[in-house]
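Secondary and tertiary structure notes
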Number of protein chains: 2
Amino acid sequence: MSDAANHTGVVNAGCPVTVTVDVIGGKWKGVILYHLSSGAKRFNELRRLMPSITQRMLTLQLRELEVDGVVHREIYREIPPKVEYSLTSFGETLKPILFMMRDWGIKNEEVIVTNRNTMLDAGREE
Amino acid sequence: MSDAANHTGVVNAGCPVTVTVDVIGGKWKGVILYHLSSGAKRFNELRRLMPSITQRMLTLQLRELEVDGVVHREIYREIPPKVEYSLTSFGETLKPILFMMRDWGIKNEEVIVTNRNTMLDAGREE
DNA sequence: CTGGATCCATGATGATACTG
DNA sequence: CAGTATCATCATGGATCCAG
């Protein structure tokens, strides 16, 4: 233990947004859930979709999503082994948020890059 | 430098959700933006709304939100000093996401708490 | 060969004290 | 009031090792 205890535990600090952040927050959970929103995926399939996540982090984040009841883990005892992850019906309720995040990202990626460059340049000449 | 450089820098890893996570992700940004969505707030006003954030983190996160162009910082040169933070018009485009996160949190807080307790109990007896 | 665990390094976040 | 400085802790990354 002692590892993989990302979420606050208390969940709330008087703000409903905190609850949601505690479930889909962190660096990877949103992206993982988004990939699962288009159907069940195997462990290494998820890795291919997120080339920069480490095995360790993928495992940990999937465990937390399981604990929160938004992701289901199905183990097929075959050779070679196979583990499939999917959204639970509860996890499906997050889809609207995930799709909005996807759409916002598509629409505003350029803007963000520009803003960051502009602000950094501005900072340089003070 | 070396501190307060939360966002990836590259923004994208082939996934649009990553872009959005990079802007509103982290432990606090979503909550900060949500509180600003109901109007401009002063620094200590935000602290009161988020009793568990530290001054340091609030400052750092607000700076990053500024760099990304979603938050505006207005300085009033008075005694005592006064600084007001507000959403930019670009930042306003995040409101639908923030409100969905709020609504999901309100509706599912209980479920999350229950799920976590259930899973932890289940884990105990293996 | 797939899924996952362990060890150690780095970066993000927290706590406290202090300043214009 | 609105921060900054410094130090401690926790989450995340990287490499490697283990089980089926």
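The structure displayed is predicted, hence computed values, not measured ones. Here the residue index of a chain counts from 1 through its sequence in written order. Labels follow written order: the first chain is A, the first ligand is 1, and so on. Given that the model is predicted, a residue must reach a pLDDT of at least 70 before its local features are reported, and side-chain atom pairs must reach 80 or more before they are shown or counted; all residues, however, enter totals for whole chains, interfaces and linings. As a rule here, side-chain values cover all heavy atoms of the structure and leave hydrogens and water aside.

The helix and strand labels rest on DSSP assignments: H or I over at least four residues marks a helix, E over at least two residues marks a strand, and numbering proceeds from the N terminus. Broken down by element type, chain A carries six helices and three strands. Across chain A, helices and strands are ordered from the amino to the carboxyl terminus as α-α-β-α-α-β-β-α-α. A simple rule labels every residue: compare its accessible area, found with a 1.4 Å probe on the protein chains alone, to the largest value its type can have, and call it buried under 20%, exposed over 50%, or partly exposed in between. Scored against the burial criterion, the 126 residues of chain A give a buried share of 44%. Throughout, the Shrake-Rupley method with a 1.4 Å probe supplies accessible areas, and for residues the shown protein chains are the sole cover considered. For chain A, the computed accessible surface area is about 6,800 Å², with 54% contributed by carbon and sulfur atoms.

What follows concerns the packing of aromatic side chains. Between two aromatic rings, the relevant description is the distance of the centres plus the angle of the planes. Pairing of aromatic rings covers Phe, Tyr and Trp, the last counted by its six-membered ring, and requires centre-to-centre distances within 6.5 Å; plane angles under 30 degrees mean stacked, over 60 mean edge-to-face, and any other angle means tilted. Summed over the entire model, instances satisfying the criterion amount to two aromatic pairs over all chains. Taking the centre distance of 5.5 Å and the plane angle of 25° together, the rings of F90(A) and W104(B) count as stacked. Of this pair, F90(A) sits in helix α5 (residues 89-92) while W104(B) sits in helix α6 (residues 95-124), each in a different chain. Stacked on the ring of Y76(A), the Lys or Arg K82(A) has its end atom at 4.8 Å from the ring centre. In this analysis the charged atom, NZ for Lys or CZ for Arg, is taken to sit over a ring once it is within 6 Å of the ring centre and within 35 degrees of the ring normal.

What follows is about the protein's contact with DNA strand D. Taken together, 21 residues lie near DNA strand D, and M57(A), R42(B), Q55(B), R73(B) and Y85(B) sit nearest. For each residue, the test is whether any non-hydrogen atom lies within 4 Å of the molecule or strand; if one does, the residue is near. Close to the protein, within 4 Å, the atoms of DNA strand D are drawn from sugar and phosphate at a rate of 63%. The contact in question runs from a phosphate oxygen of DNA strand D to an N or O atom on the side chain of K27(A), over 3.3 Å. Looking at the surface near DNA strand D, the element that brings in the most residues is helix α4 (residues 55-67) of chain B, giving four residues. Gly falls in the polar group here, along with every residue not listed as nonpolar (Ala, Val, Leu, Ile, Met, Phe, Trp, Tyr, Cys, Pro) or charged (Asp, Glu, Lys, Arg). Tallied by class, residues from the surface near DNA strand D come to eight nonpolar, five polar and eight charged. The definition of a polar contact used here is a pair of N or O atoms within 3.5 Å, where within protein one atom must be able to donate a hydrogen and the other to accept one, and adjacent residues in sequence count solely through side-chain atom pairs.

This paragraph deals with helix α1 (residues 16-24) of chain B. All names here are of chain B. A large share of α1 lies buried, amounting to nine of its nine residues. Among the residues of α1, those classed as buried are P16, V17, T18, V19, T20, V21, D22, V23 and I24. Just past α1, the residue G26 takes up positive phi, approximately 80°.

Below, the discussion takes up the relation of the copies chain A and chain B. At an RMSD of 0.1 Å, chain A and chain B line up after a rotation of 180° and a shift of 0.0 Å along the axis. What the superposition gives is, in effect, a two-fold axis relating one chain to the other. Interface overlap between copies is the fraction of interface residues in one copy that are interface residues in the other; for chain A against chain B it reaches 98%, indicating a shared surface. Only residues with pLDDT of at least 70 in both copies count here: their C-alpha atoms drive the least-squares fit that superposes the copies. Any two residues having at least one pair of non-hydrogen atoms within 4.5 Å are treated as being in contact.

UniProt positions are given in the numbering used here, feature names are shortened, and annotations may be inferred rather than shown by experiment. The UniProt record marks residues 15-113 of chain A with the feature "domain: HTH hxlR-type" (unreviewed entry), using the residue numbering of this structure. Within the segment residues 15-113 of chain A, helix and strand shares are 61% and 14% respectively, and the terminal C-alpha atoms sit 30 Å apart.

This paragraph deals with empty space enclosed by the protein. Both site types are read off a 1 Å grid over the protein atoms alone. A 1.4 Å probe that fits but cannot get out defines a cavity, while an open set with protein on both sides within 12 Å along at least five of seven lines defines a pocket; lining residues have an atom within 4 Å of a point. Grid points are joined across faces, edges and corners, and a volume is the space filled by probe spheres set on the points. In the structure shown here, the tally under the stated rule is two cavities of 30 Å³ or more. Taken as a whole, the largest cavity holds about 120 Å³ of empty space. Around the largest cavity, the lining residues are V21(A), I24(A), G25(A), G26(A), G30(A), M101(A), V21(B), I24(B), G25(B), G26(B), G30(B) and M101(B). At the level of elements, α1 (16-24) of chain A together with α1 of chain B are the ones that each hand at least two residues to the lining of the largest cavity.

With that settled, the discussion passes to the side chain of T20(B). Following the sequence through the fold, T20(B) ends up in helix α1. For T20(B), a relative accessible area of 0% puts it in the buried group. Sequence-distant contacts of T20(B), that is, excluding residues within four places in its chain, are made with M101(A), W104(A), G105(A), G25(B) and I97(B).

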